[in-house]
Amino acid sequence: MKTLYDVQQLLKQFGIYVYVGKRLWDIEVMALELDHLHDAQVVDQQTYLHAKMVLTREHRLEEERESNKTN
């Protein structure tokens, strides 16, 4: 799992489609949904950690993009 698209496909396997309208918010909601799947023990630890790392990286990159726009 390397990209945000990969995480979206993982969530899609469980019928979870996320579109809030702002990429940063989408990433945050995906992280919440991933946490719920992990808590319900339907996603194994390794998949969870890989997906969480991708979401963390994408969140950081998106925050940097937004801060660069305002500066």
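All values reported here derive from a predicted model rather than from experimental measurement.

**Observations concerning the overall build of the chain**
Item 1. Within the chain one finds three helices and zero strands.
Item 2. If you list the helices and strands of the chain from N to C, you get α-α-α.
Item 3. Along the longest, intermediate and shortest principal axes, the C-alpha atoms of the chain span 40 × 20 × 20 Å.
Item 4. Each of the 71 residues in the chain was classed as buried or not, and the buried ones make up 30%.
Item 5. Look at the contacts in the chain between residues 6 or more apart in sequence, and 56% of them connect residues 24 or more apart.
Item 6. Accessible surface for the chain amounts to roughly 4900 Å². Of this, 52% is attributable to carbon and sulfur atoms.

**With respect to the nonpolar core**
Within soluble globular proteins, side chains that are nonpolar generally end up buried alongside one another.
Item 1. One finds Val7, Leu11, Met30, Leu34 and Leu55 to be the most contacted residues of the largest nonpolar core, which totals 16 residues.
Item 2. Looking at this core, the elements with two or more residues in it are helix H1 (4-12), helix H2 (23-39) and helix H3 (45-70).
Item 3. Contacts of leucine 34, omitting those with residues within four sequence positions, involve Leu10, Leu11, Tyr48, Ala51, Lys52 and Leu55.

**Some words on the pattern of salt bridges**
Item 1. Under the defined criterion, the tally for this structure stands at seven salt bridges.
Item 2. Glutamate 66 is the salt-bridge partner of lysine 22, the closest N and O atoms lying 3.8 Å from each other. Of this pair, lysine 22 sits in the loop between H1 and H2 while glutamate 66 sits in helix H3, and the two are 44 residues apart along the sequence.
Item 3. Residue classification places lysine 22 among the partly exposed residues on the basis of a relative accessible area of 30%.
Item 4. The partly exposed category is assigned to glutamate 66, whose relative accessible area is 24%.

Definitions and limits used
- Just so you know, the residues in each chain are numbered from 1, in the order the chain's sequence is written.
- Where totals are concerned, whole chains, interfaces and linings use all residues; where local detail is concerned, this predicted model gives features only for residues with pLDDT of at least 70, and gives and counts side-chain atom pairs only at 80 or more.
- With hydrogens and water stripped out, all remaining heavy atoms of the structure feed into the side-chain values.
- Elements are defined by DSSP. Helices are runs of H or I of four residues or more, strands are runs of E of two residues or more, and each kind is numbered from the N terminus.
- Only protein chains enter the accessibility calculation, which uses a 1.4 Å probe; a residue whose area is less than 20% of its type maximum is buried, one above 50% is exposed, and one in between is partly exposed.
- Only heavy atoms enter the contact rule, under which two residues are in contact if any of them lie within 4.5 Å.
- For accessible areas, the Shrake-Rupley method is used with a probe of radius 1.4 Å. Any residue's cover is judged against the shown protein chains and nothing else.
- Here the nonpolar core consists of buried residues drawn from Ala, Val, Leu, Ile, Met, Phe, Trp, Tyr and Cys, with membership extended through side-chain atoms lying within 4.5 Å.
- Whenever Lys or Arg places a side-chain nitrogen within 4 Å of a carboxyl oxygen from Asp or Glu, that contact is recorded as a salt bridge.

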